[in-house]
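Structure at a glance
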Amino acid sequence: MLTIDHLKKHFGSVKAVDDVSLDIKEGEIVSIIGTNGAGKTTLVNLISGYLRPDSGQILFLDKDITHASPYVRIQMGVGRSFQLIQLFGGITVLDNVRTALFSKYGMIKRGLLSADRYSSITEEAIKILDNFNISDKKGLTPKGLSEGDLKILDIAIAFALKSKLLLLDEPTSGVATSDKFKVMDSIVSAIKKEGISTLIIEHDMDIVSGYSDRVIVMHEGRVMAEGKPEDIMENKEVKATVFGIVS
């Protein structure tokens, strides 16, 4: 699905991503953890096309996307959510998802017509909201949503763009502790239903342990370790470097 080969991105003397190689398989949910400044967000920016690497290669579905624009990557199926949510605040939840579908199908120029004219788009949007368990909020604007539902809607929009690979940046950031598992249950249920590969930047180890097939640990721009969540949690080097636990 995704192959990263000896990827590098330096900012002056700072080696943000320093010779990183990794693979993500079809349908796999992978979390990236690491201390602040480890290179996690820079890596995701490289994968999504918001940054260009100094060297190395990115392959998606066996095609070289190393220098492709974010738009081309979205069209190919690389979707992304951001830690700071980006939604259309003045329209409803349903219309946020319909707008994404109009964009995907090249119908934006016909958007001056009533969206209800496109019943198939509306039906598809409602199905997506059903998948993410927020169809009961379809008539609300984002201002009327909880932080958790905002996160879910943001990812539902990336999902609507027919993503084959989702890049999720801190999907539970800002969400109340009591709601974070509900948020992740909704997201992961929809992702697994469609078999979408997912790369998650996450700091909450309860989330990482509960929802990841595999964990990649980054430190100072490099991959320090990778493996199943339970193995990573018992890795002495990871415990000392990332969690400050010395046994």
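Our subject is the structure that appears above.
Reference entry: report on the structure contained in this document. (Residues numbered from 1 in each chain as written. Predicted model: local features only at pLDDT ≥ 70, side-chain atom pairs only at ≥ 80, totals over all residues. Heavy atoms only, no water.)

On to the sheet that holds strand S7 (residues 165-169). Spatial strand order, S6-S7-S8-S3-S9-S10: six strands in an open sheet with mixed pairing. What marks the edges here is a single partner per strand, and that holds for strand S6 (78-81) and strand S10 (222-227). Going from strand to strand, the sheet's axes swing by 20° on average, the running direction of each strand aside. The strands touched by helix H5 (residues 147-160) within the sheet are S6 and S7, with S7 carrying the most contacts at an inclination of about 160°. (Pairing = 2+ DSSP bridges. Helix = DSSP H or I, 4+ residues; strand = E, 2+ residues; numbered from the N terminus. Axes fitted to C-alpha atoms, helices over the stretch in contact; angles between N-to-C directions. Contact = heavy atoms within 4.5 Å.)

Looking at the secondary structure, you find Leu-61 in the loop between strand S4 (55-60) and strand S5 (63-64). Take Leu-61: its relative accessible area is 35%, and that puts it in the partly exposed class. Sequence spacing of Leu-61 and Met-76 is 15 residues, and the spatial spacing of their C-alpha atoms is 8.9 Å. The contacts of Leu-61, once residues within four sequence positions are left out, are Met-1, Met-76 and Lys-164. (Buried < 20%, exposed > 50% of the residue type's maximum accessible area, 1.4 Å probe, protein only.)

So, about the nonpolar core. Val-97, Ile-128, Phe-132, Leu-153 and Ile-187 are the most contacted members of the largest nonpolar core, which has 39 residues in total. For this core, the secondary structure elements donating two or more residues are helix H3 (93-104), helix H4 (119-131), H5, S7, helix H6 (180-194) and helix H7 (205-211). Examining the composition of this core, we find that nine residues originate from one element, H5, more than from any other. Once residues within four sequence positions are removed from consideration, Leu-153 is found in contact with Leu-87, Val-93, Asn-96, Val-97, Leu-129, Ile-134 and Leu-145. Counting 25 residues, the second-largest nonpolar core is a separate cluster that includes Leu-43, Leu-46, Leu-199 and Ile-201. (Core = buried A, V, L, I, M, F, W, Y, C linked by side-chain atoms within 4.5 Å.)

Let us now look at the side chain of Thr-198. Along the polypeptide, Thr-198 turns up in strand S8 (residues 197-201). Aside from chain neighbours lying at most four places away, what touches Thr-198 is Glu-28, Ile-29, Val-30, Leu-165, Leu-166, Leu-168 and Ile-191.

Just distances and angles here, no functional claims.
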